[in-house]
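Single-letter residue listing:
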Amino acid sequence: MGALGAIIQSDPNLLPCQVARLDAHVTLQDGDRLPDAYGFGHYGGGSVLLGKRPTGAPRALGLADLAGGIEAEAILVHARYATVGKAKDENTHPFRFRRWLFAHAGTVEAFERIRPLLLDALPDFLRRNVMGETDSEHLFMWFLKELRDGGRMDELDLDAPTAARALAATIRQAEAWGRAVGAQRPSRLDLIATNGRIMVAARRGGPLHYALLEGIVPCPVHGIDLRTPESDPRVRAHRVVKAVAFASRLRASNGFIEVPDGSVVAVSRTLQVSVSAI
């Protein structure tokens, strides 16, 4: 299982402000149990950066604990409650391949029977890049295969609807394998993927929400309040910034919209959002 959080926005310098705004409303906690591990991935200086916190945290961590000081256009955060694979770094989300980051909340039912079918159908270079044991990482490789089959995996200016179709196809394929091997119940397949320029998310079985965010005034991170003069150059940047955020677990809705079950959400480079059926 797991809990997801993600932000894609227009001004990398203001990501700490977005995190501060969302921290009180988004939780990475799933029930009373502490996660087995936390992971986060983001984009900075042309690189894809990963951070991982192993089991043993004395308390539940939030968005600000993990990402409060990061400046980036996009970030993906995950709390892992292990169901498939041991608690180790190779099994900690998000997973990375080239510029892509991917995380999953849920479990692929009957994965031990599905895994050989999936691996047999992967291209060699993707099969070799499975580093861990999780069903989630295997789903990621299938998503990349869907993109690769269309010649779009490494396309920097890939459009969000194409990535959304690949994510939806990944879910449909996993469900087809489940039926083929006689899985006793549906899989929970709540997925988020980003290449730092676009973001796509799908809900199948578990909670998932998104929010459209404009402006951050007041901003306690930069000491901006309603008395700060408009002539202050920081104010304009904070007024015009836009973002889209995703969360699987909320403390309070605060403007979040529930993703319809069986839907995929595509967020474009210009932060335009479209929702379509899987």
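Here the structure is a predicted model, which means the values were calculated and not measured.

**Considerations on the nonpolar core**
Formed by 41 residues in total, the largest nonpolar core has its most connected members in Trp100, Phe102, Phe140, Phe143, Leu144 and Leu167. Elements that contribute at least two residues to this core include exactly strand 5 (95-97), strand 6 (100-105), helix 3 (111-121), helix 5 (135-149), helix 6 (160-181), strand 7 (190-194), strand 8 (199-203) and strand 12 (263-267). At 10 residues, the largest contribution of residues to this core is made by helix 6. When sequence neighbours within four positions are dropped, the list of residues in contact with Phe143 reads Trp100, Phe102, Ala163, Ala166, Leu167, Thr170 and Ala193. Leu63, Leu66, Ala67 and Leu213 belong to the second largest nonpolar core, which has 25 residues in total.

**Quick look at the packing of helix 3 against helix 5**
Where helix 3 contacts helix 5, the axes come no closer than 11 Å and their chain directions differ by 30 degrees. The angle between helix 3 and helix 5 places the two elements in the roughly parallel class. Note on packing geometry: the crossing formed by helix 3 with helix 5 is left-handed. Between helix 3, through Phe111, Arg115, Leu118, Leu119 and Ala121, and helix 5, the contact on the second element is made entirely by Asp135, His138, Trp142 and Lys145. When its residues are assigned to classes, the contact of helix 3 with helix 5 shows five nonpolar, one polar and three charged.

**Side note on the layout of surface pockets**
Put simply, the largest pocket is a space of about 150 Å³. Along its surface, the largest pocket is lined by Leu212, Leu213, Glu214, Lys242, Ala243, Val244, Thr270, Leu271, Gln272 and Val273. Only strand 9 (209-214) and strand 10 (242-247) provide two or more residues apiece to the lining of the largest pocket. Looking at the lining of the largest pocket residue by residue, the classes come out as six nonpolar, two polar and two charged.

**Thoughts on the sheet that holds strand 3 (residues 47-53)**
What the seven strands build is an open sheet, ordered 3-2-4-1-10-9-11; its pairing is antiparallel. In this open sheet, the two strands that pair with only one neighbour each are strand 3 and strand 11 (257-258). Pairing geometry for strand 1 (residues 2-9) and strand 4 (residues 74-80), over seven bridges, is antiparallel. Bridging from a neighbouring strand, Gly2 pairs with Arg80 of strand 4. Of the strands in this sheet, strand 1, strand 4, strand 9 and strand 10 are in contact with helix 1 (residues 15-23), which crosses strand 1 at around 135 degrees.

**Observations regarding the pattern of salt bridges**
If you walk through the whole model with that rule in mind, you get 16 salt bridges. With a closest N to O distance of 2.7 Å, Arg239 and Glu230 form a salt bridge. Assessed through its relative accessible area of 44%, Arg239 is described here as partly exposed. The exposure class assigned to Glu230 is exposed, which follows from its relative accessible area of 51%.

**Observations regarding the environment of Arg148**
With respect to the element layout, Arg148 can be found in helix 5. The class of Arg148 is partly exposed, set by a relative accessible area of 40%. When the C-alpha positions of Arg148 and Pro123 are compared, they lie 9.5 Å apart, and in sequence the two are 25 residues distant. Setting aside its immediate chain neighbours within four residues, Arg148 contacts Pro123, Phe125 and Met153.

**Some remarks on the packing of helix 3 against helix 6**
A pair of packed helices can be characterised by two numbers: the angle between their axes and the separation between those axes. At a minimum axis separation of 10 Å, helix 3 and helix 6 run at an interaxial angle of 125 degrees. In terms of their interaxial angle, helix 3 and helix 6 are classed as oblique. Crossing of helix 3 against helix 6: the hand is right-handed. When helix 3 is examined against helix 6, the residues Arg113, Ile114, Leu117 and Leu118 are found in contact with a partner set consisting of Ala174, Trp177, Gly178 and Val181. A breakdown of the residues in the contact of helix 3 with helix 6 according to their chemical character gives six nonpolar, one polar and one charged.

Rules behind the numbers
- Residues numbered from 1 in each chain as written.
- Predicted model: local features only at pLDDT ≥ 70, side-chain atom pairs only at ≥ 80, totals over all residues.
- Heavy atoms only, no water.
- Core = buried A, V, L, I, M, F, W, Y, C linked by side-chain atoms within 4.5 Å.
- Buried < 20%, exposed > 50% of the residue type's maximum accessible area, 1.4 Å probe, protein only.
- Helix = DSSP H or I, 4+ residues; strand = E, 2+ residues; numbered from the N terminus.
- Contact = heavy atoms within 4.5 Å.
- Axes fitted to C-alpha atoms, helices over the stretch in contact; angles between N-to-C directions.
- Parallel < 35°, antiparallel > 145°, perpendicular 65-115°, else oblique.
- Left-handed = near helix turned anticlockwise from the far one by under 90°.
- Nonpolar A, V, L, I, M, F, W, Y, C, P; charged D, E, K, R; others polar.
- 1 Å grid on protein atoms, 1.4 Å probe; cavity = no way out; pocket = protein on both sides within 12 Å on 5 of 7 lines; lining within 4 Å.
- Points joined across faces, edges and corners; volume = space filled by probe spheres on them.
- Pairing = 2+ DSSP bridges.
- Salt bridge = Lys/Arg side-chain N within 4 Å of Asp/Glu carboxyl O.

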